[in-house]
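# Structural overview
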There are 2 protein chains.
Amino acid sequence: MTVKISVLKERDEGGERRVALIPQVAEKLAPLGITFAMETGAGVASSYPDSTYKNVTFSPDRNALAADADIVLAVQPPTLETVKAMKPGAILIAFIYGRNNPDLVKALRDGKITCFAMELAPRISRAQAMDALSSQATLAGYYAVLMGAVHMPKILPMMTTAVGSLRAAQVLVMGLGVAGLQSLATAKRLGAITEGYDVRPETKEEAQSLGAKFVDTGVDATGQGGYARELTDDEKQKVRKALSDHIARSDLIVTTAAVPGKRAPRLIDAEQIKAMKPGAVIIDLGAEGGGNCEGTQAGQTVQVGPTTIVGPVNVPSMLAEQASELYSKNIMHLLQQIITKDKGLAPDFTDEVISGTALTHDGTITNDGIRKAVDPNS
Amino acid sequence: MTVKISVLKERDEGGERRVALIPQVAEKLAPLGITFAMETGAGVASSYPDSTYKNVTFSPDRNALAADADIVLAVQPPTLETVKAMKPGAILIAFIYGRNNPDLVKALRDGKITCFAMELAPRISRAQAMDALSSQATLAGYYAVLMGAVHMPKILPMMTTAVGSLRAAQVLVMGLGVAGLQSLATAKRLGAITEGYDVRPETKEEAQSLGAKFVDTGVDATGQGGYARELTDDEKQKVRKALSDHIARSDLIVTTAAVPGKRAPRLIDAEQIKAMKPGAVIIDLGAEGGGNCEGTQAGQTVQVGPTTIVGPVNVPSMLAEQASELYSKNIMHLLQQIITKDKGLAPDFTDEVISGTALTHDGTITNDGIRKAVDPNS
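Rules and cut-offs
- Residues numbered from 1 in each chain as written.
- Chains lettered and ligands numbered in written order.
- Predicted model: local features only at pLDDT ≥ 70, side-chain atom pairs only at ≥ 80, totals over all residues.
- Heavy atoms only, no water.
- Helix = DSSP H or I, 4+ residues; strand = E, 2+ residues; numbered from the N terminus.
- Rg over C-alpha atoms; globule rule 2.2 N^0.38 Å.
- Buried < 20%, exposed > 50% of the residue type's maximum accessible area, 1.4 Å probe, protein only.
- Contact = heavy atoms within 4.5 Å.
- Lys, Arg positive; Asp, Glu negative; His and termini not counted.
- Charge placed at Lys NZ, Arg CZ, Asp CG, Glu CD.
- Patch = residues over 30% accessible without salt bridge, like charges linked within 9 Å, V, L, I, M, F, W, Y side chains within 5 Å.
- Areas by Shrake-Rupley, 256 points an atom, 1.4 Å probe, with all protein chains shown as cover.
- Salt bridge = Lys/Arg side-chain N within 4 Å of Asp/Glu carboxyl O.
- Expected span 1.5 Å × (residues − 1).
- Polar contact = N/O pair within 3.5 Å; in protein donor to acceptor, adjacent residues only side chain to side chain.
- Pairing = 2+ DSSP bridges.
- Axes fitted to C-alpha atoms, helices over the stretch in contact; angles between N-to-C directions.
- Domains from an automatic or database assignment.
- Core = buried A, V, L, I, M, F, W, Y, C linked by side-chain atoms within 4.5 Å.
- Right-handed = clockwise from strand over helix to strand, strands pointing away.

## Description of the overall build of chain A
- The helix and strand inventory of chain A stands at 12 helices and 19 strands.
- Over its C-alpha trace chain A gives a radius of gyration of 22 Å, about what one expects of a compact globule, namely 21 Å for 378 residues.
- Principal axes of the C-alpha set define a box for chain A whose edges measure 70 × 55 × 35 Å.
- When each of the 378 residues of chain A is scored for burial, the buried share is 55%.
- Taking the contacts inside chain A whose residues are at least 6 apart along the sequence as the reference set, 63% of them involve residues at least 24 apart.
- Placing the 39 positive and 42 negative side-chain charges of chain A at their respective mean positions leaves the two points 3 Å apart.

## Points about the environment of B:Ile331
Residues and elements named next belong to chain B.
- Among the structural elements, isoleucine 331 can be located in helix H10 (residues 320-338).
- Taking C-alpha positions, isoleucine 331 is 17 Å from arginine 17, a pair spaced 314 residues apart along the chain.
- Excluding its chain neighbours within four sequence positions, the residues that come into contact with isoleucine 331 are Ala20, Leu73, Ala74, Ile93 and Met118.

## Quick word on a negative patch on the surface
- Together, A:Glu202, A:Glu205, A:Glu206 and A:Asp220 make up a region of like negative charge exposed at the surface.
- Along the chain, the position of A:Glu205 falls in helix H7 (residues 204-209).

## A closer look at helix H5 (residues 132-151) of chain A
All names here are of chain A.
- For H5, spanning 20 residues, the distance from its first C-alpha to its last is 28 Å, which sits close to the expected 28 Å at 1.5 Å a residue.
- Counted residue by residue, H5 has 17 buried out of 20 residues, so it is predominantly covered.
- One side-chain oxygen of the residue at the start of H5 lies 3.3 Å from the amide nitrogen of leucine 133, identifying that residue as aspartate 131.

## Points about the sheet that holds strand E13 (residues 281-284) of chain B
Residues and elements named next belong to chain B.
- Overall, mixed pairing links the 7 strands, which are arranged E11-E10-E9-E12-E13-E15-E14 in an open sheet. This sheet does not close on itself; its edge strands, each paired only once, are strand E11 (213-214) and strand E14 (301-304).
- Contacting strand E12 (252-255), E13, E14 and strand E15 (307-310), helix H5 (residues 132-151) crosses the sheet at an angle of about 150 degrees to E13.

## Things to note about the domain arrangement of chain A
- Considered domain by domain, chain A is made up of domain 1 (3-120 + 320-374) and domain 2 (138-313).
- Spacing between the C-alpha centres of domain 1 of chain A and domain 2 of chain A amounts to 34 Å.

## As for the nonpolar core
- If you look at the biggest cluster of nonpolar residues, it comprises 80 residues, and the most contacted ones within it are A:Tyr142, A:Leu156, A:Ile283, B:Tyr142, B:Leu156 and B:Ile283.
- Excluding residues within four positions of it along the chain, B:Leu156 makes contact with A:Tyr142, B:Val145, B:Ala149, B:Ala168, B:Ala169, B:Val171, B:Leu190, B:Gly191 and B:Ala192.

## Some points on the pattern of salt bridges
Residues and elements named next belong to chain A.
- Tallied over the full model, the rule gives 40 salt bridges over all chains.
- Here lysine 213 makes a salt bridge to glutamate 195, at a shortest N to O gap of 3.7 Å. Of the two residues, lysine 213 sits in strand E11 (residues 213-214) while glutamate 195 sits in strand E10 (residues 193-197), which places them 18 residues apart along the sequence.
- A relative accessible area of 47% places lysine 213 in the partly exposed class.

## Concerning the side chain of B:Asn330
- Residue position: B:Asn330 is located in helix H10.
- Judged by relative accessible area, which is 0%, B:Asn330 ranks as buried.
- Here B:Ala129 takes part through its backbone oxygen, which lies 2.8 Å from a polar atom of the side chain of B:Asn330.
- Those residues in contact with B:Asn330 that sit more than four places away from it in its chain are A:Val163, B:Met118, B:Ala129, B:Met130, B:Asp131, B:Ala132 and B:Ser135.

## Considering the pairing of strand E2 (residues 34-39) of chain A
All names here are of chain A.
- Among the 6 residues in E2, 5 count as buried, and that is most of the element.
- Two strands pair when backbone bridges link them, and strand E1 (residues 3-7) and E2 are joined in this way by 5 bridges, in the parallel orientation. Residue valine 3 lies in a different strand from E2, and its bridge partner there is isoleucine 34.
- Between the parallel elements E1 and E2, the chain passes through helix H1 (residues 23-29) in a crossover that is right-handed.
- Note: E2 against strand E3 (residues 56-59), 4 bridges, orientation parallel. Bridging across to E3, phenylalanine 36 finds its partner in valine 56.

Dropping the structure here:
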């Protein structure tokens, strides 16, 4: 019993360079009875030319590939056209971000597509290997520091020269999730003096284990699912006051705060930016969600008073080779749960990992939150 | 006896962001009886606003500043207009690169300017603190690796994730002068596996002390003044053969080879580039001198087959704050030799450091090599 999997080439217009399947994963999954077909050149932008895939067929016809597949794999949400080309009962695995793409969610429902949205993978330890948000955020956190380093007018490490020593740079990371912790680790590697801040005090030990000082504001905003809850106005003022000095003395700040389904929280305001040092740099990883800083412009680098604010979008795509490697392996772990050699393709919806990751199934939007957001009358 | 020093604002058209005087150096030198005047906004681009300088006057009139000065300081070669504005017997301290700027050298000679060209500072230990080529190259070597890291589709360190480990990147640095050694150190800090290569075998130990493997080609091209001599054709073939494998397996290559007064030596040819891995990156620090790689274009990033070749120009200017700090301190050490509290301004031309750094003096081009290049009939 063969399972046919098609892999889409990401669309050029989005600037997406990743691919959902790397050669190593294709080889590893083949024994499960899977045949792979890919869109021609799907892996080229992530350093995986067609020739590097073994036992994979290539076709330039995206719709035919979608129509023929039991499972379609992609990184970014596919187009409506692609979803409409898929057969009823087929499976789509990709990032979907249903709240931002209601028409796509409805098309998946109406087309009776079973959609596993990678961003919905439950944050429980059994599902860690499927957690694409984390795997991609790790890379983004690394890259943010390097982006900062090339925008800064000074170096990160302390350096001794024949004319005296250069001081190490001061780096502040705000938001100590997966990305933020990786930023701290990378800045430390490069020799910077690091400080970390998060509204969740339990991140203190993690920051310290990476050689960073933890900025304690006295506010605890531990929330659900690994994210922080929103702060009250009083709490925000208290946090602001405690942070201003740290912001003012930083050479590089990386902000990484996100609240799921909401606008990115504002961590730094215009007044605080004005008080920063000449040449200071902020890398705002919250840019796509509206920005953690006042003045951030998504996809742009702007000069605001003394400070350069970089608002990168889709940072994992900038490390496309290894971002694809991790994403493809995240998908592999999902596929290994829904395909077995004996039973073939048989997702078990009584499993919380499977049901938790599912967005649509059998004509229904199975995720409650997104169903209410997309179709309030349902 | 007061010495008047004027500091020029670098011209915008060259994209130069450095400044020849930082506030800390101005304060340190003032007790020698020096008064400083700067062009308005001279330090802004390097994060030193006018307000950060104490006891320094500012004026927007560049020619008046030049005309009034006993000593003019700059980073890049000034214009002919500025040189013509200076008084006979005044001193100019800047990078000049006389072979590339023959008209400027003649104007300095004809204007009876005493010019100390920073790139001529002798490479002896007593002059180390004046060695601006080295101080700037150190920063360039650091920055080259970071530029490489943001162009690469993968990360430099080995990284363990919930879906397996990412391999550390392979970095090859060709040309182990000050810049190359700093590139090795920076790549190692970031967790890469590093290899170094230089035609001068005595660099082997230095590379190894930075945790790098040394690529031994069996060719010794030790030259004069800390630079390598040119290789013969036979030697070049031998080196090429030994290096090809190392080039092919590298994720990032930094090339830093220079032969003074000559075109940058070719270290990597088109065939070798073709054999590189998809996504590989070359940072060619020899770009300004014509490039160490076939296909390098100065000031541009080009895709050649599988490889991204970055040909940055004026890399120290990208780290303007600290590049200015080091350059200004290099100049400070020169000034401390030609100005004393007792005698005022009195350069001692019997001192090999002073005479070695001098390019023109009292109507003569004092540097033999440049005199012959600029004015062959002299």
